[in-house]
Amino acid sequence: MSSPKGKAASRTASKTATRASAKSGAKSGVKGSATTAARAMAKKLMSAEPPSEAKTAFAKAMLQGVQPGTEAARSVARKKNGSVPQAPQVEVLRKIPAPVEIVENEASARAVALAQEIEKALRDGDFEKFQPHAQQALISAVCRLYSANNDIGNRFGAIGQPSAVNATDVMILCGALLKAVDLQVFELGLWQSWSSR
């Protein structure tokens, strides 16, 4: 037994089908058979259970046929012409820069050696080898250097690949940096949306 909602939907679909078929029949000069067929199809689709959106859309599509200018019309035309479907257009959402060629100089070599020394201290569990004031000086200098490069157009990832840095590490440092300059997370979001970076 169908629910009241199902019956109401069935009546609505039947009326819609009748109107659509009457319009198409008036255009083509055929009234009775198109109306009867449309009613029969609508009743068959709606009889057992309340109609889903897919069933309703299918019933409308069957009654209306292929409308000119739609994707369905273009698909039918391609099949008739025997043309091969074109590859879908791909939209580039984000450009990923090519890896930058590494140019070694003395200062870079010292920075890499210091980074390796810090990594070794972490592996050894010697977390107090670099005192807080030394860590703060490093973080401040690297933060300002990265920002200056970004401003002049030298944009590159903040962390090289592969890296042992995980998401928790990043969130802890980001939270500490924001707190250090009295910024909230929503302000960071606003700045990123305004600057599109």
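Each value, and the rule that gives it
- Residues numbered from 1 in each chain as written.
- Predicted model: local features only at pLDDT ≥ 70, side-chain atom pairs only at ≥ 80, totals over all residues.
- Heavy atoms only, no water.
- Helix = DSSP H or I, 4+ residues; strand = E, 2+ residues; numbered from the N terminus.
- Buried < 20%, exposed > 50% of the residue type's maximum accessible area, 1.4 Å probe, protein only.
- Contact = heavy atoms within 4.5 Å.
- Salt bridge = Lys/Arg side-chain N within 4 Å of Asp/Glu carboxyl O.
- Phe/Tyr/Trp six-rings, centres within 6.5 Å; stacked < 30°, edge-to-face > 60°.
- pLDDT = per-residue confidence, 0-100.
- Expected span 1.5 Å × (residues − 1).
- Patch = residues over 30% accessible without salt bridge, like charges linked within 9 Å, V, L, I, M, F, W, Y side chains within 5 Å.
- Areas by Shrake-Rupley, 256 points an atom, 1.4 Å probe, with all protein chains shown as cover.
- Disulfide = S-S within 2.5 Å.

J.: Help me understand the overall build of the chain, please; the structure alone is not making it clear to me.
T.: Per the secondary structure count, the chain includes 8 helices and 0 strands. Going from N to C terminus, the chain has its helices and strands arranged as α-α-α-α-α-α-α-α. Buried residues in the chain amount to 10% of all 197 residues. Pairs at least 24 residues apart make up 37% of the contacts formed inside the chain by residues separated by at least 6 positions.

J.: Explain the pattern of salt bridges here, please?
T.: Once the charged atoms of two side chains with opposite charge are near each other, the side chains can pair. A complete count under the given rule lists 3 salt bridges for this structure. Here Arg-110 and Glu-106 are joined by a salt bridge, their closest N and O atoms 3.1 Å apart. With Arg-110 and Glu-106 both in helix α5 (residues 106–124), this residue pair falls 4 residues apart, about one helical turn. A salt bridge links Lys-129 to Glu-117, with the nearest nitrogen and oxygen atoms 3.4 Å apart.

J.: Help me understand the packing of aromatic side chains in this model?
T.: For any pair of aromatic rings, the description consists of the separation of the ring centres together with the inter-plane angle of the planes. Taken as a whole and assessed by the stated rule, the structure comprises 1 aromatic pair. Judged by centre distance (5.3 Å) and plane angle (85°), the ring pair of Tyr-146 and Phe-156 falls under edge-to-face. Of this pair, Tyr-146 sits in helix α6 (residues 132–151) while Phe-156 sits in the loop between α6 and α7 (167–180); the two residues are 10 residues apart in sequence, bridging distant segments of the chain.

J.: What should I look at first to understand the confidence of the model for the chain in this one?
T.: Any region with low pLDDT has predicted coordinates that should not be read closely. Across the chain, pLDDT averages 74, with 55% of residues at or above 70. Contacts from residues 25–31, a stretch scored under 50 in pLDDT, to residues over four places away or in other chains number 1 contact.

J.: Mind showing me how you'd approach unusual backbone geometry here?
T.: A negative phi holds for most residues other than glycine; trans holds for most peptide bonds. In this structure, Asp-182 is a non-glycine residue whose phi angle is positive, near 60°. Looking at the element boundaries, Asp-182 is found in the loop between α7 and α8 (185–195). By relative accessible area, Asp-182 is classed as exposed at 63%.

J.: When you look at α6 in this model, what are you seeing that I'm missing?
T.: Helical geometry note: an α-helix holds 3.6 residues per turn, so side chains three or four residues apart project in the same direction. Spanning 20 residues, α6 covers 28 Å between terminal C-alpha atoms, matching the ideal 28 Å at 1.5 Å per step. At the exit of α6 stands Gly-153, carrying a positive phi of roughly 95°.

J.: Please clarify how the side chain of Asn-149 should be interpreted in this entry.
T.: On the secondary structure map, Asn-149 appears in helix α6. Leave out the neighbours within four places in its chain, and Asn-149 touches Asn-154 and Phe-156.

J.: Quick question: what am I supposed to make of a nonpolar patch on the surface here?
T.: A cluster of nonpolar side chains, contributed by Ile-139, Leu-173 and Leu-177, occupies part of the molecular surface with about 220 Å² of accessible area. Inspection of the secondary structure assignment puts Leu-173 in helix α7.

J.: Can you walk me through the state of the cysteines in this structure?
T.: Between two cysteines, a covalent bond joining their sulfur atoms is known as a disulfide. Throughout the structure, instances matching the rule amount to 0 disulfides. Unpaired in this structure, Cys-143 has its nearest cysteine sulfur neighbour in Cys-174, at a distance of 9.9 Å. Classification of Cys-143 by relative accessible area gives partly exposed; the value is 41%.

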